[in-house]
Amino acid sequence: MKEAPASPTRVILGIDDLRPLPRATRIARTSHEGIRLLEEHRNCVIDELWLDHDLGGDDTIMPVVTLLEEAAFNGQPFRIGAVLVHSANPIGAETVVRSLTRWNYRVRRAMAPYSGDGS
């Protein structure tokens, strides 16, 4: 009897300083870690990328957004099925959505799972 081929593992990345993001296969807690995480997945298809705007202290998601924009500008955008922005900061979230939509990434606002600690 022949076995069914194994289904490919979905790649779901999250960049958020507090939320657990239970669907994510990998999570970065700072923009620096987020950039490193994306660079590790540069040649992969990323099914979902979850982004929080405010990452604690003065850190924000904007260095990650810049990386994504520069890749698209250079004709080599990251292959991402959906970018989901789940920030509680409405102005920051809208900035991310506008910036990435301009470069043809599929972006939308989303609700991240509640972590139970008020974040």
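An account of the accompanying structure is given in this report. (Residues numbered from 1 in each chain as written. Predicted model: local features only at pLDDT ≥ 70, side-chain atom pairs only at ≥ 80, totals over all residues. Heavy atoms only, no water.)

1. Some remarks on the side chain of D16
Using the following cut-off: Labels follow the DSSP assignment, with helices taken as runs of H or I lasting at least four residues and strands as runs of E lasting at least two, numbered in each case from the N terminus. Throughout this description, a polar contact denotes any pair of N or O atoms lying within 3.5 Å of each other; where both atoms belong to protein, one of them has to be capable of donating a hydrogen while the other can accept it, and for residues adjacent in sequence the pair is counted only when both atoms sit in side chains. Only heavy atoms enter the contact rule, under which two residues are in contact if any of them lie within 4.5 Å.
Locating D16 in the fold gives a position in the loop between β1 (12-15) and β2 (26-28). Here the side chain of D16 touches L18 through a polar contact of 2.8 Å, landing on its backbone nitrogen. Setting aside chain neighbours within four positions, we find D16 in contact with L21, I27, A28, R29, D52, L55 and H86.

2. Thoughts on the pairing of strand β3 (residues 45-51)
So the rule is basically this: Each residue gets one of three labels from its accessible area relative to the maximum for its type: buried under 20%, exposed over 50%, partly exposed in between, using a 1.4 Å probe on protein chains only. Paired strands, as defined in this entry, are two strands with at least two bridges between them according to DSSP.
Within β3, five of the seven residues are buried, which leaves it mostly tucked inside the rest of the structure. Relative to β3, β1 runs parallel, the two sharing four bridges. Note that in β3 the partner of I12 across the bridge is E48. In this sheet, strand β4 (residues 79-85) lies alongside β3 in parallel orientation, the contact comprising six bridges. Within the sheet, the bridge partner assigned to L49 lies in β4 and is V83.

3. Considering the packing of aromatic side chains
What counts here: Stacked, tilted and edge-to-face pairs are distinguished by plane angle, under 30 degrees for stacked and over 60 for edge-to-face with tilted covering the rest, among Phe, Tyr and Trp rings (Trp via its six-membered ring) whose centres lie within 6.5 Å. Here, over-ring charges are defined by two tests on the NZ atom of lysine or the CZ atom of arginine: distance to the ring centre within 6 Å, and angle to the ring normal within 35 degrees.
Under the defined criterion, the tally for this structure stands at one aromatic pair. Here the aromatic rings of F73 and W103 are separated by 6.1 Å at their centres, their planes lie at 85 degrees, and the arrangement is edge-to-face. A residue pair is termed long-range when its members are at least 10 positions apart, and F73 in helix α2 (residues 62-73) and W103 in the loop between α3 (90-102) and β5 (107-109) qualify at 30 residues. Exposure remark for F73: the relative accessible area of 61% places this residue in the exposed category. Above the plane of the ring of F78 lies R42, whose end atom (NZ or CZ) is 3.9 Å from the centre.

4. Some words on the nonpolar core
Heads up, the condition is: What makes a nonpolar core is a set of buried Ala, Val, Leu, Ile, Met, Phe, Trp, Tyr and Cys residues whose side-chain atoms join them at distances within 4.5 Å.
One finds L38, L49, L51, L68, L100 and Y105 to be the most contacted residues of the largest nonpolar core, which totals 27 residues. Listed by contribution, the elements that provide at least two residues to this core are β1, α1 (31-40), β3, α2, β4 and α3. Top contributing element to this core by residue count: α2, with six residues. Excluding residues that lie within four positions of it along the chain, L38 makes contacts with L13, I46, L49, V64, L67, L68 and F78. Counting residues in each nonpolar core, the second largest holds six residues, with I12, L21, L84 and A110 among its members.

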